[in-house]
Structures are given as C-alpha cells and as structure tokens.
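Fold and contact review
Next come the chains, spelled out residue by residue.
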Amino acid sequence: MDKAVQPTHSDVDTRLGGLSSSDVAERIASGQTNAFVQDTSRSVWSIVRANVLTLFNGIILACFIVLFAIGRWQDALFGFSAVANAVIGSVQEYRAKRALDRLALLNAPHARVLRDGSEAEISLDDVVLDDTLVLRAGDQVPADAIVAGSRGLQIDESMLTGESDAVEKSDGDRVLSGSVVVAGEGTAVVDRVGADSFANSLAAEAKRFSLVASELRSSIDRVLKWVTWFVGPVALLVLNAQMLAQGGWAEASASGAWRDAATATIAAVVAMVPLGLVLMTSITFAVGAVKLARQQVLVQELPAVEGLARVDIICLDKTGTLTQGDIVFDAAHPLTPRSGWESVLAWYGVQKDANATARSLSGQFTEPPAGHPADRVPFSSARKWSAVVFEDDMWILGGPEMVFPARHSEDPLLRQLAAQAADLATTGRRTLVLAHGTPTTDETVPADAVPVVLLTFKENIRPDAAETLSYFAAQGVDVRIISGDNPQTVAAIAREVGLDAPHGFDARELPEGNQELLEAINSNVVFGRVTPDQKKRIVVALKSAGHTVAMTGDGVNDALAIKEADIGVAMNSGAAATKAVARLVLLDGKFSHLPSVVAEGRQVIANIERVSMLFLTKTAYATFLAITFGILLLPFPFLPRQLSVTDGLTIGIPAFFLALLPNAQRYIPGFLRRSLTFAVPAGVSVTLGLAAYARLAANMSIPEAEIRTGSTLILAIVGIWILVVLSRPVTRFKGLVIGAMMVGLVVVYSVPIVRDFLQFTDPTLPTALLVLATSLACIALIEIVRFVHRRVAHRDAEEALRQRAAK
C-alpha cells in the first residue's frame, strides 16, 4: 500500500510557486532529498572483488601457503606476481572509474523545479520532498511525484513497466522516477525521493549493469572455466608421478622427498593458470576508456569500447547526428488566404516546450495573439503534429503528409500541397504545413481542415559527417538513416554527405512481418517518418538477422532504439533519458569521434587476441607437460621459481606493452577459435620438444639440476621466438621490447647471484647440444603452426565476409 499522501487540489494551488528557500533548507536538514548513491560505473568493491577474489587467485594462494609451510619460499615468487597483477588491475580500473565518474558528474542531467516563485535548474540530488517539478518533452522524471498541472502531458514508462505506449497524465495522477516525458508539459509535486522512489527501489543495479555483450570477456571466461576443470585432476596426476620418481609414496614420505614432489606439482599447476590474461584484458579496456574520455567520449561500460569495433551496421538519426540540429527558418509558401496565421506561428515559437523547429519561427514571427489559447493538442512523435485553439479556430502544425494523409489526395489543393512539399523535400529542406479547421473534441485533424501555409526549414550539415560516413564505408560498416522527418528531405541530406540514397522510404509503409521488414531494411538506406516504436523494431530486426547494431541519436524518440541496440550512442546535447540508456555519450556532440571509438575498439580486440595467444600457449604447454610427465612418470623439469622467470620474460612483461600498441586490424568474429588454433598446436610442439629432451637427458644420465637448467633455457628460447612470431611485423618498438627480454635472459643466466637463486648450472657440451637441437626443432614446429594458423585466420576472414554479404 502506498503510504504517500496525495496532495489535494488546494494543496497544489498553494504550491504553484514552489517551495521557499526555508522550506528547502528544512527538508535538506531532515534528509528528505533525492540524493542516492548509484555509481555510473563499477563500484570499488566490485573492482577489488573482480581482481582479487577469483578462483585462480585462490589456487595461487593455496600453492603459495604450501610452499611457505614446507620451507620453499624461494619458489613462491609467483605469489608476488599474482599480488602485483591484482594490485595493478585494481588500480588501473579504479583510475578509469574515477575519470569516468568525474565526466558523468560534470555531464549529469538536471531537474527543473519551481522555487520562491520562479523556475530553477538544479541537480537531481538537490530535488527535495514536496518540490514542484517542471516537466517538458525529453525530460526524465527525477523523483516520484503527483501531477499538479498538465497540458497534454504524456509519459513513457516503458523502461519501468515494459508498456511501450505513452500514458497521458492529468491532475492527481502519479508519475514515476525514471519515466520519460514524450509530449506536452506539466508540473508535479514530489512525494517520494532518493532510495524510496520507484526506479531506485525497483532496479538500481539492473538499470546500470545490463552488461554489453563482450566476445573477449565471454571467451576468456570460457577458457578459465576449462582450466578450472583440469587443474585438480592434473595436479593429482603430476603429484603421483613425482612421488613415484622419488622412490614411491612410502619412501618419499619417510625421507622428506615429498617436499620436492610437492614443489614440482605446484610448478605444474601454477604454470597452467593464465593469471595475466584477465589482468591484460581489464587494463586494456580501462586504458581505452580513459583515452576516449580525453576525446570527450564517455564510456558508460568498459566493454563498450570493444563493442563498437564489432558493429557491422550503424543506424543514425538525422537531426543532431548528420546535421547540427540548429533548425533555421527558410520561407513561408502561402496556400489558402486566412488571416492570423502569422500570429499563430509567433505563438508556437515562444512556447517553453517548443522544439528546435518551432523555436526557429520566433525570429521571423514576433507578434503572438493577444489572448490565451482555449485548448491545445501537444506534439507527439507518433502523430507528428500539434494543434492550438484560439476562439473558434483550430490551427494544426505538422508534416504535410501526416496532417493530410493520402486519402485526401482527390482535393486539388491537397495535391498541390503534396507536390510542392515533395519538390522542396528533394532539396533537403524540411517542410511543415500550418492548417486551419473547426475545433474537434478529440485529438484528430478536423475534417474541414485546409492548408494555409507551407513552411520550409533548413539544417546545417555537420562538417565532419561526410568524412565519418566515408570512414564507415571503408571499414565495411553499413549505414541506415532512420528519421522522423520527410523521407525525401532525409534522402537529400544523405546524398549531400555522400550516401547512395536515390530516394527515402516512408516508414508508414513498413511491413508488419519480420522477414518483410528485414527485406525493406536491406533494400533501402534512408527511412523517414519513423516512429520511436518503428526505430526499435528496425534495430530488433537487424539484431535478429545476426548483425551487431549501433544506434546514435539525441532525441527522446531515439531512447527506445538506443537502449535496444548492441551499442547505443547518445549526443550530450540530447535528452537526459537518451543519455541514461546509452553505452557511449559524445560529450561535445561531435559525430566525428565515432571513428576514434571504432579504432580504439579494434585496437583492444586485435591486441588482446595477440596477447591471449601468448597466455593460452603457456596454458596449453603447461597442461600438456603436466599430463605427459605425469603419464611417463618423469620428474617435472622445472622449479616454480624458474617458470616465474621465463613467464615474466616471454609473456608477462612483453604482453603489457603489446596490449597497448596501436592496431587497426579489422574485427573478425571467432576470437577464441583463432587463438586456440595457434595456442594448442604451439603448446603441443613445446611439450614434444621438452619431453624428448627430458627423456634423452635422463638416458644420458645428465644430473637433474642440469636437466632443469636446460629445460628452462629451451622454454625461454622458444618462448621468445613465439613472442617474435606473434609480434610480426616487428616494428622498432616491438624490436626494443623483444631485445630487452633477450638481454634479461642473458642477465638471468650470467649474473651469479641470480643463477644461484634459480639453481642454474653450467651445461656440459652434451646438454648444450641437446638444448640447441631441441630449441631449433621447436622453433621449426612453431613456424609451421603459425603458417597454418595464418591460413585458417585468412579463411575465417573470407567466411566472415561471405556471411556478412549474405545478410
């Protein structure tokens, strides 16, 4: 039961001037404000939890504790590496969070309220109980309230209730926080604020964290799940082999040799865990988001950086995207003599809820009627016209084909109107008609309405629009323009920015069936007279056909489609509701930033794919080595400390640099398959080489310490060669990174204190020759694997292009 007391009409009347300053101060003191802590990005706890409290960190911690307990702290280096990974990942993501939260705070939507008898614009948190909200089209309701005054106020509550139809509100009706004003205007008295409001109590978390579909994230999660299943059985297999190699379970337990067996087992288990892969992914996302923030692009979810790079079709609203949104009045073309039309247009131009088109009239028409209107019908995106009544005259302003549909085409005057509007539309001008008729009792155009004057408007095309669209064309991203304006007007503007759009498709003729709708979308580039619900249908149809869809816009009529799209992009100048549901917000409204976002996303995907091949190759050979040595009952040829060094020199350190390099490679689906196509056979190659080396060395009675030294040297040499292979083409910077790792390898083997700590010995000539032969054999196998992998990747790219063409 709702305990809030609904205000009576007498209460509303006393509040028409809003609260006084003392009333506001009193409510702030009592905590009756709209302040509600809801991060626009991940919370600090969720960042720490994601980087610290993971299954793999648990495995590493358990291994770390065991080694300390048995006195082998020297082999617990990987524990410090895991701590460093967690700290670096948490710090990087927290820095990204702070940068994004600051931007979100600076660009947060505001609320309009009446206070001390005048209208004021305040932050959403500063709204207090009993404030009088001023609501206009495009606003998102900041707190639950009771309507005190309505002039055609219509609210879209779909984001809260799922009902897509706008609801007309009258005095005494409730409006819910989070809902959107789609038409008309009104005032409402706040009766629930902050955590008590409907939107916050119902969906505070769900509203923010409807996660972007991320192929990188889902693929890496799948790999981690696979490794989780393997770790336990493989650990038992290796432990058994090491205990048997130490003389058997009974003898090893009695002699204390079980400590060596446990150390070798931990070395095998730790090597299987791709610790750095999650870290590199998080850091790359975070760095990408911060780089975009410097370019005035607010990323509301980090994986959205990747998401836009996967987009293969982008749907654009015309106004505010291709054009600057600054509508300029062009000319009036009289049709039927009727006095008073100039003053009616002047009235339209000065209304508080006037859109950009109506406001442009105020410069040309300056003398509104003396009296107040007797009634009015507010503009709505669905009907695309509005009306006002002065005395016994009803004036209707809207799109010619919406005010006078095709059924009236027998009238010569209406045929003239349609022809003239069509001719003007082909020049890129927007057209509206002002019609006159007898007032009706419902919201319909009077049957006796006649067109009085045809109005034309011009829009300034964004100077960066043509270049941006040509970029998308070059990158294989299809474009669809979906607008509420006249289709021929939109098509003319589309042609100006370089699109092949001989004509525009009238959305009123869109078929109902999904397959027919998709055919219409595939056959046309420009769609006009599109309603908000149709925009959403177009996006849904494209997604159902397998496309990754981006939707850009700035108006409240774009909000539903932006929310439905894989990646929604809003202009900062747009409606608060539109920005609230977008994944990306262009803070300076420049459409030209989108190529930068796509490029950043492609860099993220391409670099993570390259880095993942390094980490997954290590996981592959570590798993195969553990299984092979466990089955062959051979001593595991590494100490944990030795693997920590090779991992750092061949994977960890270089991966950090490779993940942040510029990379413009086109996105191709199948990231995990391609990575495993290289990693698994490369891992098998390394395993075969090391197993053959270990068996031959054991047959030659080479000491165990020397076998370990040779194994580590083979793994380091082959690991650096894998780094070279995956870094091709090797640029100067990549060469410096690879060269530094080679120097590090020389230092590790030549500095006495490091050699002693890692238990390296000088190899004898047989060992050196065996190491050289094994390394060369492994390198040859790696080159073959890379050659086959490139052919597979090329085939995948061609198949992706064929599938895209089929769509």
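Refer to the preceding data block for the structure.
All figures in this text were calculated on a predicted structure; none of them were measured in a lab.

**Topic: the pairing of strand β20 (residues 567-571)**
Among the five residues in β20, five count as buried, and that is most of the element. Where burial is concerned, the two faces of β20 agree: the one with Ile567, Val569 and Met571 and the one with Gly568 and Ala570 are both buried. Examined bridge by bridge, strand β19 (residues 549-553) and β20 share four bridges and lie parallel to one another. Among the inter-strand pairings, Met551 is bridged to a residue of β20, identified as Gly568.

**Structural notes on unusual backbone geometry**
Cis geometry is found at the peptide bond from Arg728 to Pro729, where omega equals -5 degrees. As for its placement among the helices and strands, Pro729 is situated in the loop between α27 (704-727) and α28 (732-750). Even without a glycine there, the phi angle at Glu391 is positive, about 55 degrees. Relative to the helices and strands, Glu391 resides in the loop between β12 (385-390) and β13 (393-398).

**Details of the packing of aromatic side chains**
Taken as a whole and assessed by the stated rule, the structure comprises 12 aromatic pairs. When the centroid spacing of 5.7 Å and the interplanar angle of 75 degrees are considered together, the rings of Phe329 and Phe457 count as edge-to-face. Remark: Phe457 occurs in strand β15 (residues 450-461) and Phe329 occurs in strand β10 (residues 323-334); sequence separation between them is 128 residues. By the burial criterion, Phe329 is buried, and Phe457 matches it. Judged by centre distance (6.1 Å) and plane angle (65 degrees), the ring pair of Phe657 and Phe733 falls under edge-to-face. Taken together, the positions of Phe657 in helix α25 (residues 640-658) and Phe733 in helix α28 put the pair 76 residues apart, joining distant regions of the chain.

**Considering the environment of Lys318**
Tracing the backbone through its elements, the reader meets Lys318 in helix α13 (residues 318-322). Considered as a pair, Lys318 and Ile481 are 163 residues apart in the sequence and their alpha carbons are 6.6 Å apart. Those residues in contact with Lys318 that lie beyond four places of it in its chain are Thr323, Arg430, Glu459, Ile481, Ile482, Ser483, Asp485, Val490 and Ile493.

**Describing the sheet that holds strand β8 (residues 297-299)**
Ordered in space as β8-β21-β20-β19-β9-β16-β18-β17, the eight strands form an open sheet in which the pairing is mixed. The open sheet has two free edges, formed respectively by β8 and β17 (505-506), since each of these has just one partner strand. Sheet analysis places strand β9 (residues 313-316) next to β19, joined by four bridges and oriented parallel. The partner of Cys315 across the bridge, within β19, is Met551.

**Observations regarding helix α26 (residues 671-699)**
In this model α26 runs 42 Å from its N-terminal to its C-terminal C-alpha over 29 residues, within 8% of the 42 Å that 1.5 Å per residue would give. Just downstream of α26 lies Ser701, where phi reads positive at about 60 degrees.

**Considerations on a nonpolar patch on the surface**
Among the surface-exposed residues, Val44, Trp45, Val48, Val52, Leu53 and Tyr94 lie close enough to one another that they form a single nonpolar patch of about 530 Å² accessible area. With four residues, helix α3 (residues 44-52) is the largest single contributor of residues to the nonpolar patch. Along the chain, Val48 turns up in helix α3.

Cut-off values and rules
- Residues numbered from 1 in each chain as written.
- Predicted model: local features only at pLDDT ≥ 70, side-chain atom pairs only at ≥ 80, totals over all residues.
- Heavy atoms only, no water.
- Buried < 20%, exposed > 50% of the residue type's maximum accessible area, 1.4 Å probe, protein only.
- Helix = DSSP H or I, 4+ residues; strand = E, 2+ residues; numbered from the N terminus.
- Pairing = 2+ DSSP bridges.
- Phe/Tyr/Trp six-rings, centres within 6.5 Å; stacked < 30°, edge-to-face > 60°.
- Contact = heavy atoms within 4.5 Å.
- Expected span 1.5 Å × (residues − 1).
- Patch = residues over 30% accessible without salt bridge, like charges linked within 9 Å, V, L, I, M, F, W, Y side chains within 5 Å.
- Areas by Shrake-Rupley, 256 points an atom, 1.4 Å probe, with all protein chains shown as cover.
- Salt bridge = Lys/Arg side-chain N within 4 Å of Asp/Glu carboxyl O.

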